[in-house]
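Report on the structure
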Amino acid sequence: MTSADTAHPEGPSANRQAATLELRHISKRYPGSDAPAITDLSLEVAAGEICVLVGPSGCGKTTAMRLVNRMIEPTSGDILVDGRSIIDRKPSELRREIGYAIQQIGLFPHQTVAENIATVPKLLGWEKRRVAARVEELMELIGLESAMAARYPAQLSGGQRQRVGVARALAGDPPLLLMDEPFGAIDPINRERLQNEFLRLQGEIRKTVVFVTHDIDEAIKMGDRIAVMRKGGVLAQYAPPAELLMAPADAFVEDFVGADRALKRLALQRVRDIDLWDVPIVRVGDSAAEARRLAAASPIQHVLLVDGERRPVSWLQPTDLTGDRVEYHEGRVTMVELDDILRDALADLLQGQVMYGVVTDHGGRVAGVLSVEIISEFLAHQASGQIDEAPTPAERLA
Amino acid sequence: MTPAIVLASVFGQFSDGLDFLVHQRESVAGGVQVGGSTMWPLLGKHLEVVGLSMLFAVLVAVPLGLYLGHTRRGDFLASSISNVGRSVPAIAIVLFFSSYLGLSLVNLVFAMALLAIPPIFTNTYVGVRQVDGDVVDAARGMGLSGLQTVGKVELPLALPLVFGGIRTSVVNVIATATLGPFAGVVTLGDPIINASVYGEAGRIGTAILVAALAVTAEILFAALQRAVTPAALRPQRRGLRERLRTSPRLAQVADTPT
Amino acid sequence: MLPLAQVHIRDRTAQDPSCVAQNGFCPDWIRDHIGDYMSPLLRHVELTVVSVLAGFVIAFALALLARRRRWLIGPVTGVTGVMYTIPSLALFAILLPITGFGFVTGVIALTSYNLLVIFRNIMAGLDNVPEAAKDAATGMGMTDHQRLWQVELPLAIPEIVAGVRVATTTTVGLAALAFIAGAGGLGQQIITDIVFKSNIVTASVLCILLAAALDLLILGAQRAALPWRRAAG
């Protein structure tokens, strides 16, 4: 979130302990249908982890997720949250303790952003002041100005609506969160941002998350563990992303993960995890001769002009440095962030048609340079067989 | 009175009313025979009024709806005509016409046609407008003239809705024709309005007859509407929910009971 | 009651006696006698408001039943549809032996005409609530009751109100025949002198104005009550 660093992860009403989740031999068969929707599904999710359910359409991943808050009842088997079976719980009360976000978001059009976010706290019977404080806290957490609280969903952009949907799901501070393709209806650029925002948020709030997607790239990016499912609700493999990519359990998983799984491993590393190049930087008014010397000494043969806040302005080559002093130049710089995954960073470089991208930190300040060379070296190194013990998506951001 | 006695009295009055329809009797003031076979001329007049005003209404409303629908003009007219039409009391129109033009069958027919035109016009217009623009475009592309497009494409596709409008209007007009005596035309409304002549039995019996007539017309024209719907557009046996949603009656929020 | 014109000869004193004598349209006469129409107008308002309210309450109850038991939709639509088809003059007459001559009979008949339109619109309104909003409501732990009152009904209001508006304007028109049941209203005023144009025009125009006024009132109330619709543009 854009203002996540100012949010209160330990806010007045936040952060109940995350819950563990266990599905035991779950089967689901719809009446009048021969094929089962879920076949003997067992999996465990550790507290604070993101478990991604992924698979082709009709594989039962959404059904599996909806079993957890009893939107769908299993035919047989048991589900335990924090070691306690949910089967004897009253559905509506169980659901208030489980966050719920869906692709179509389902914001209530007749309620303001604040009222939407306050839904579960009100259902839980919180007192007014606590609800208001929680809403304000969540607005800040998802990076929406407080002026937006009085808006109606129809007045928001798609990305804003999605953020409000996530905030609404988090409002009751649930120890467990269900997300069904929460970013599925968003354009690719905004989806990438929302994914990053959510991972950063998860680094703070540490919920247990069940995340459904049909997109293997999203699964690899978001998941601590990934459950690949196939038709009939059969679990094909349940493993951390790196293991899934290195050692697919069978032909189905291998095929689903795709022939480009070496490239997909780029999604497991962030820009901050690899060694970047240093970049010579200059400011307006510096000595031009010195700047020329720095450019000549750098493998890039350029220096980077930055502003007073160390934010990149323009690349300068020796021919730009003619006078006594460095002068201001208008320019175009392709930038990637420390928190970007390598796959997205590479895509940005290719899209900008440049060999080098300036890496910036959270405040937009220069942290180094990423080049296509660095990435290809990284891939070559990985292909030689070592699997680094990949950090969890949230750890990679912390 | 105990409920049983009330029930018996109600039942007695209804059966007396039905008896009135079957057996002729003397009027309340005496001297004139009413009920039984003397009801035939009233029924005949009623149907005559209904038939003439419907004929007139269809001849005006269908071509107008087709024309405006084909040229895609008249959205405002179509919506406002049905809104205003609803709140104008039928009796006001009937009396207004007869007070200006005198008591006669022609005036009554004219007044009732005015009431019958809005639903037919609106439905025809909507029926033509809802025809897929691509279909019309394809027809024109194949070289059909404007008139041929209307006759071969737009009218057949709009026909179910046109008949929906006619069905609404027929029921309305059967109801409004009971106001005939106010315009000096002795329809089935006469025994209902002039109970002092026909007696309570006459009033109730005729009311039942008129109700039955309206319900029969509704059923008959619903069947007719189904019959003119091209087989391809005819709904398969679908869920009630969908039928409720897409039934032509739904398009007739404009219809007015009278 | 035959012939009707003889029932009651009105007071026709006015500035232009010839206009009145010729049963014409006489603005002066209308100006002097408009007060005589206020009491029938009030009765007309009563008939309309009570019938629409009663129709709404019954249709609402039926819709809540049919929401969970979908098989009820067919029978309810069928029965209310038949009620809707029966000519009002006939229905007023048929009710007389059962409920007698008076206001109540008028209200019962008028109410029966509202059921179909309001029921149909409530069902359509509930059916058109976005599936995602309903799913989210249940998924966040609303009970069926909470979902109905906090999500579905508020979102169905525009369609429900549309039905009430149609019912209201229709009822104003139909109530002009309630005199047959002895329920009074502007129709009663019309038939006191059915050859006098001033009388017919005054009563009819009051009917139309009443319908327009009630319609605007409902529309205004809806606008004020539903800020989210304005936001949606």
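To keep things clear, this report deals only with the structure shown in the data block. (Residues numbered from 1 in each chain as written. Chains lettered and ligands numbered in written order. Predicted model: local features only at pLDDT ≥ 70, side-chain atom pairs only at ≥ 80, totals over all residues. Heavy atoms only, no water.)

**Some words on the sheet that holds strand 4 (residues 76–81) of chain A**
Residue and element names in this part refer to chain A. With respect to topology, four strands assemble into an open sheet ordered 2-1-4-5, the strand pairing being antiparallel. In the strand order of this sheet, the two ends are held by strand 2 (38–45) and strand 5 (84–85), each with one partner. Pairing of strand 4 with strand 5, which is carried by two bridges, proceeds in the antiparallel orientation. Counterpart to Leu80 in the pairing with strand 5 is Ser85. (Pairing = 2+ DSSP bridges. Helix = DSSP H or I, 4+ residues; strand = E, 2+ residues; numbered from the N terminus.)

**Some remarks on the packing of helix 9 (residues 195–228) of chain B against helix 5 (residues 88–99) of chain C**
Helix-helix packing is characterised by the crossing angle of the two axes and by the distance between the axes. At a closest axis distance of 8 Å, the pairing of helix 9 of chain B and helix 5 of chain C adopts a crossing angle of 135°. Put simply, helix 9 of chain B runs oblique to helix 5 of chain C. As helix 9 of chain B packs across helix 5 of chain C, the resulting crossing turns out to be left-handed. Of helix 5 of chain C, the residues touching helix 9 of chain B (which contributes Arg203, Ile204, Ala207, Ile208, Val210 and Ala211 of chain B) are Ala90, Ala93, Ile94, Leu96 and Pro97 of chain C. Among the residues forming the contact of helix 9 of chain B with helix 5 of chain C, the class breakdown is ten nonpolar, no polar and one charged. (Axes fitted to C-alpha atoms, helices over the stretch in contact; angles between N-to-C directions. Parallel < 35°, antiparallel > 145°, perpendicular 65-115°, else oblique. Left-handed = near helix turned anticlockwise from the far one by under 90°. Contact = heavy atoms within 4.5 Å. Nonpolar A, V, L, I, M, F, W, Y, C, P; charged D, E, K, R; others polar.)

**Focus on the interface of chain B and chain C**
In this assembly, 44 residues from chain B lie in contact with 48 residues from chain C. For the pairing of chain B and chain C, the buried interface totals around 4200 Å² over both sides, and the portion due to carbon and sulfur atoms is 74%. The interface formed by chain B and chain C contains zero salt bridges. Along the contact surface separating chain B from chain C lie zero residue pairs in polar contact (both at pLDDT 80 or more). Among the elements that line the side of chain B that touches chain C, the one with the most residues is helix 9 of chain B, at eleven residues. Grouping the amino acids of the side of chain B that touches chain C by side-chain chemistry returns 28 nonpolar, nine polar and seven charged. (Buried area = accessible area lost by both parts, 1.4 Å probe. Salt bridge = Lys/Arg side-chain N within 4 Å of Asp/Glu carboxyl O. Polar contact = N/O pair within 3.5 Å; in protein donor to acceptor, adjacent residues only side chain to side chain.)

**Here we look at the layout of surface pockets**
Which parts of space are left empty comes out when a probe the size of a water molecule is rolled across the atoms. All names here are of chain A. One number sums up the size of the second largest pocket: a volume of about 760 Å³. The wall of the second largest pocket is formed by 30 residues, among which Ile189, Glu192, Arg193, Asn196 and Asp340 lie closest to the centre. Within the residue set of the lining of the second largest pocket, elements represented by two or more residues are helix 7 (188–205), helix 8 (216–222), strand 14 (335–337) and helix 13 (342–352). For the lining of the second largest pocket, a count of residues per class yields six nonpolar, eight polar and 16 charged. For the lining of the second largest pocket, the two domains that each supply at least three residues are domain 1 (3–259) and domain 2 (272–383). (1 Å grid on protein atoms, 1.4 Å probe; cavity = no way out; pocket = protein on both sides within 12 Å on 5 of 7 lines; lining within 4 Å. Points joined across faces, edges and corners; volume = space filled by probe spheres on them. Domains from an automatic or database assignment.)

**Examining unusual backbone geometry**
The bulk of non-glycine residues show a negative phi, and the bulk of peptide bonds are trans. Residue and element names in this part refer to chain A. Phi is positive for Arg206, which is not a glycine, with a value near 50°. Mapped onto the elements of the fold, Arg206 is located in the loop between helix 7 and strand 8 (208–213). Arg206 sits in the partly exposed class, given a relative accessible area of 32%. Despite not being glycine, Arg310 shows a phi value in the positive range, around 65°. Summarising the element assignment, Arg310 is placed in the loop between strand 12 (303–306) and strand 13 (312–316). For Arg310, a relative accessible area of 34% puts it in the partly exposed group. (Buried < 20%, exposed > 50% of the residue type's maximum accessible area, 1.4 Å probe, protein only.)

**Some details on helix 1 (residues 3–22) of chain B**
Each α-helix winds once per 3.6 residues, and so residues spaced three or four apart point in a common direction. If you check helix 1 of chain B, its first and last C-alpha atoms are 29 Å apart, about what 20 residues at 1.5 Å a residue would give, namely 28 Å. For helix 1 of chain B, the full list of buried residues reads Val10, Phe14, Gly17 and Phe20 of chain B. The buried residues of helix 1 of chain B occupy an angular sector of 110° when the element is viewed end-on, so they sit on one face. Counted as exposed and oriented over 90 degrees from the buried face of helix 1 of chain B: Ala4, Phe11 and Val22 of chain B. Each element contacted by the buried residues of helix 1 of chain B is listed here: strand 1 (25–26), strand 2 (33–34), helix 2 (39–70) and helix 9 of chain B together with helix 5 of chain C. (Expected span 1.5 Å × (residues − 1). Arc of directions from axis to C-beta.)

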